[in-house]
Structures are given as structure tokens and as C-alpha cells.
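# Understanding the architecture of this molecule
As a plain string of letters, each chain reads:
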Amino acid sequence: MKHLNKILVAVLMVMGMSSHAQDSNNPWAISIGVNVVDTKASAGGGHNFLDSHFSQPFAVNENWNVHPSVLYLGVSKYVGDNFSFGLQGSVNKIVKYVSFAPTVVGHDSRGYVVKNPGDLMYYGVDATIKYSFKSLIESKRIDPDLHLGGGYTFFGTKSYGTINPGVGLTFWATENIGLALEITYKNSFGERNSTPTTPNEPSYFQHTAGITFQFGGKDTDGDGIYDKDDACPTVAGLKQFKGCPDTDKDGIIDSLDECPNDFGLAALNGCPDKDGDGVADKDDACPDVAGLAALKGCPDADGDGVADKDDKCPAVSGPKENAGCPWPDTDGDGVLDKDDKCPDVKGTVANHGCPEVTSEVMDNVNIEAKNIYFNSGKSTFKTSDVPVRLDAIALIIKKYSSAKFSIEGHTDSDGSEKFNQKLSEDRAAAVVNYLVKSGIESSRLTSAGYGESKPIDTNKTKAGKAKNRRTEVKLIK
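Now for a look at the structure at hand. (Residues numbered from 1 in each chain as written. Predicted model: local features only at pLDDT ≥ 70, side-chain atom pairs only at ≥ 80, totals over all residues. Heavy atoms only, no water.)

Quick look at the packing of helix H5 (residues 386–399) against helix H6 (residues 417–437) now. The interhelical angle for the contact between H5 and H6, taken along N-to-C directions, is 65°, at an axis separation of 10 Å. Crossing handedness for the pair H5 and H6: right-handed. Residues Pro-387, Leu-390, Asp-391, Ile-393, Ala-394 and Ile-397 of H5 form the contact with H6, whose participating residues are Val-431, Tyr-434 and Leu-435. A class-by-class count of the residues in the contact of H5 with H6 yields eight nonpolar, no polar and one charged. (Axes fitted to C-alpha atoms, helices over the stretch in contact; angles between N-to-C directions. Helix = DSSP H or I, 4+ residues; strand = E, 2+ residues; numbered from the N terminus. Left-handed = near helix turned anticlockwise from the far one by under 90°. Contact = heavy atoms within 4.5 Å. Nonpolar A, V, L, I, M, F, W, Y, C, P; charged D, E, K, R; others polar.)

Attention now moves to the sheet that holds strand E12 (residues 404–410). Read across the open sheet, the three strands follow the order E13-E12-E14; overall the sheet is mixed. Two strands lie at the open edges of the sheet, namely strand E13 (445–449) and strand E14 (470–476), each paired on one side alone. Between one strand and the next, the sheet's axes are offset by a mean angle of 25°, whatever the strand orientation. As paired strands, E12 and E14 are joined by seven bridges and run antiparallel to one another. Its bridge partner being in E14, Ile-407 is matched across the sheet by Val-473. Lying on the sheet, helix H4 (residues 359–369) is in contact with E12 and E14; it crosses E14 at an angle near 155°. (Pairing = 2+ DSSP bridges.)

Another aspect to go through is the nonpolar core. Ranked by internal contacts, the top residues of the largest apolar core, which has 25 residues, are Phe-405 and Leu-435. Looking at this core, the elements with two or more residues in it are H4, H5, E12 and H6. If one sorts the elements of this core by residue count, H5 sits on top with six residues. Aside from chain neighbours lying at most four places away, what touches Phe-405 is Val-357, Met-362, Ile-397, Arg-444, Leu-445, Thr-446, Val-473, Lys-474, Leu-475 and Ile-476. Formed by six residues, the second largest nonpolar core is a distinct cluster that contains Ile-94, Tyr-122, Tyr-160 and Tyr-204. (Core = buried A, V, L, I, M, F, W, Y, C linked by side-chain atoms within 4.5 Å. Buried < 20%, exposed > 50% of the residue type's maximum accessible area, 1.4 Å probe, protein only.)

Moving on: the state of the cysteines. Using the criterion set out here, one finds five disulfides in the structure. One disulfide in the model links Cys-286 with Cys-298; its S-S distance is 1.9 Å. Every disulfide takes its handedness from the sign of the S-S torsion; for Cys-286 and Cys-298 that torsion is 90°, giving right-handed. Residue Cys-286 is located in the loop between strand E11 (204–215) and H4, and its partner Cys-298 is located in the loop between E11 and H4; the two are separated by 12 residues in the primary sequence. Pair check on accessibility: Cys-286 and Cys-298 agree, each one buried. The disulfide partner of Cys-313 is Cys-325, and the gap between their sulfur atoms is 1.8 Å. (Disulfide = S-S within 2.5 Å.)

Attention now goes to the packing of H4 against H5. Remark: H4 packs on H5, axes separated minimally by 8 Å, with the N-to-C direction vectors making an angle of 160°. When the interaxial angle is binned, H4 and H5 end up roughly antiparallel. Remark: the crossing between H4 and H5 carries left-handed chirality. On the side of H4, the interface is formed by Val-361, Asn-364, Val-365, Glu-368 and Ala-369, while H5 contributes Arg-389, Ala-392, Ile-393 and Ile-396. Residues that form the contact of H4 with H5 fall into these classes: six nonpolar, one polar and two charged. (Parallel < 35°, antiparallel > 145°, perpendicular 65-115°, else oblique.)

What follows concerns the pattern of salt bridges. Inspection of the entire model under this criterion finds 18 salt bridges. Between Asp-457 and Lys-467 there is a salt bridge; the shortest N-O distance is 3.5 Å. Here the residue Asp-457 occupies a position in the loop between E13 and helix H7 (462–468), and Lys-467 occupies one in helix H7, the gap between them amounting to 10 residues. The exposure class of Asp-457 is partly exposed, given its relative accessible area of 30%. Here Lys-474 and Glu-472 are joined by a salt bridge, their closest N and O atoms 3.7 Å apart. Classification of Lys-474 as partly exposed rests on a relative accessible area of 37%. (Salt bridge = Lys/Arg side-chain N within 4 Å of Asp/Glu carboxyl O.)

Below is the structure:
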């Protein structure tokens, strides 16, 4: 018994160290079942070592100690890299003890005798390291293993330590429940009893068969995927997505799916595209008709960069600034109305769409202007045909709506210079006033008087003075 305490302390230390090595699903397992003790292995005899120790391994009726009420109980913990560590206790009754006694009455043909040593109670306490081949053979049901351990055995009042190599095989009916079979050779190192029919530190085989229950795996969201392997441990999901959900079943997990409730395309991050134009419906301003990505999924029939839904001329290319319609040129002068300062009158490009005032036009204006006569010494018009002349001037000026003109007044040298200056200014202003009343914008007209300072003929003759008393119209450039 003194060795038992040491073994138990060592076992507890190993369990304590391994408690931090959990890295697999269901790290804990409990096993319960029946066990068989076969003492043939230490009987001796035989032709050689193997024959002596390992012959007749399944002589059930002859050598096996089985009792309907006996059992074994084991608990183990996964410690990583396919290894697990466990403790096992077993109880049996020894009613068949095998020894090699060819001189004793009742021996068999090979010299072995099976005796009842007195219904000895058997107790075994063992610690085992097991290596599972389940992951190596990539099986979910078949789980072969090798194990090695040590323990302490009690035969009646006798007790001793053993070293225990063995093999096992578990058939997993479910992920958590399996049928476990094991064969363990328990080798003792004590001296053999001089009385061969009495157990004293024998080596023996122990066979076990039982049910194993695995547990301890945590599955917070209940989706069948343990938290340690679950990429989304708090929300139920699918195994193919490591436990993450795919609500719309489009093959894209919800956390990466921009449209998690609508079946969509991987290329569009899980969003649908009804019109197949490569623009997700959620971003498509025209989701029912194929269009261009640059126009948020809307079509552009005339290719002018304006979506048909916003294009007032969808069949004719035009600028965006004019709602997709081409700019008009009402007067057909090659200058678009938007740039044409005279959109209703045909002009020239050089003059911004307005007609140019030529020298011929100005000659015609001034022919009329020279025939405007005033009452002597006054700024009032003299003859009845003057308005006709003025109307003719107004008609010409109106044709050139963008042009500006200066009306200039001149006198002869009769009278004082001051008087003549004032008279010329008033007469020029009178012409301007008449033209404004005729519909010419005042902003297009200016007036200036030059008195007697710019004669075009001599003031010494009556004819010369008549030419100097004049009104002229000048084009302002």
C-alpha cells in the first residue's frame, strides 16, 4: 500500500498539468463496462517466451475471470496532439488462476493447471496515456489506439505495481457515444510464489468492453459546431461556413454579405442584380433595365453621358448642361443660341452670332443722318421729312442689336464757340432721344457735340457752312 499513495499523487499531478492543454472538442470522457482478468501470461511453461506468455489469449472458459456484477470505471481528458490521459479503476473476482504444473494432478496436455485460489477479490487502479489514430486514418467512426501506463493491483491481501502496455478500438455510434474495447498486458516485477497455484505478483491480461461518453465541448449557439471551431460562436450557422450563418443561402456568410436577406452574387458581395448589368440592385437607379455602372445602372441610348431617365432627348446626343439635348441655332448662323448674342438674327462667328456692321451700312446710316435739319440756332427738327430719315436710321440700327453707336453733332462757325458747342450737344441728344423712343435701347446709344471744332468744309462760303452743319453716326467698337 505504501506504493499506492505515491502512484495516486503522481497521477493527480499529471492531471493537474494537463488541465491546461485542452484544445479539442469534448475533451472529457467517461467509460464504464465489464473487465476480464486472464492470469495465463505469468504461468510459465511453453516452448519460448512468446508461447509462455501469450499463448491461449482467448481461452474464455478455461482462463478468463468474469463476474456478471463486476465492472470498470474510467475517466480521461484530451491533452493535445491525439494524446489523452486517464485514470481507471476495476473490480473483479479471481476464481481461475493458471499455473504451469505438469506434475500436479489435473494438469492439461501442455502441463497447465487452473485452480480457484479462494475467490480472491481483485482491484486495479491504473493511469494511462493513450494515443488515438482516429485523425490519422481520417475516420469519424473507427478509433484505434495504443496506450501505456502504470498501476497498482490488489489480489486479496497482496498488492504490487505494474506497467501496462495495450491496444484499444472504439466504435463511435455518435460523436459523443462509443463502444470501447481494450486489451492491456499488465506486467509485474515481483518474485513468483514458490507455490505455483497461489497468486503472488502475477503478470496478466485485462480485457475491457464498455461504453464511452465524451463531453465538455461548448456550443453556445447550438448549431452543432463547438465554439473553438465556430467562427460565429454566438449565432447559429452552417458547418461549411465554420458555424457562420448564410440567411439568404447564396453561399456568402452574413458578416460578409452586403445584402444578407436577399440571394445575390459573390461578385457583388452577396447582393442581387435583376437586370444583370453588374450593378447591385441596392446601388442601381434603374434596377429593372440594364445600364452602365458610370450612370448607376441606367441606360444611355444616345451615348451622350446622360441617363435616358434624365435625358430630354434620349435618341439624340446632347450635352448634360442642356439635359441631353443638342444646343439649338435658331438663326442658323453656326453660333449656338447659348453663345449667340443675336440668336434670332443671322450673324457671324467672329461677331458672336450677330451681324457685322459694315462700312457700307454706316455709309447708308450717315446719308440719312446728313439730311436731318434743325431750326436755326435750335435743337428742334426743321423739315417734315426728318422723322422719315430718323426712322430709317432706327430701322438699320435695330438690325444690329449688339452694336453700339455714337451720335455726333457739328455746327458752322457762326455765333460764339460756346454757343455752338452747346447747340451741337443738344442736337445730338435730340437725335438720341428720338431713336430711343423708336425702340433702340438707350445703352446702345451715346451722344457728343463738337461745336465748330471739326469742320469738313470752309466756313467762308454758304455751301461750306451747310456741310459743316451736320449730324454723324459712328460705330463704337
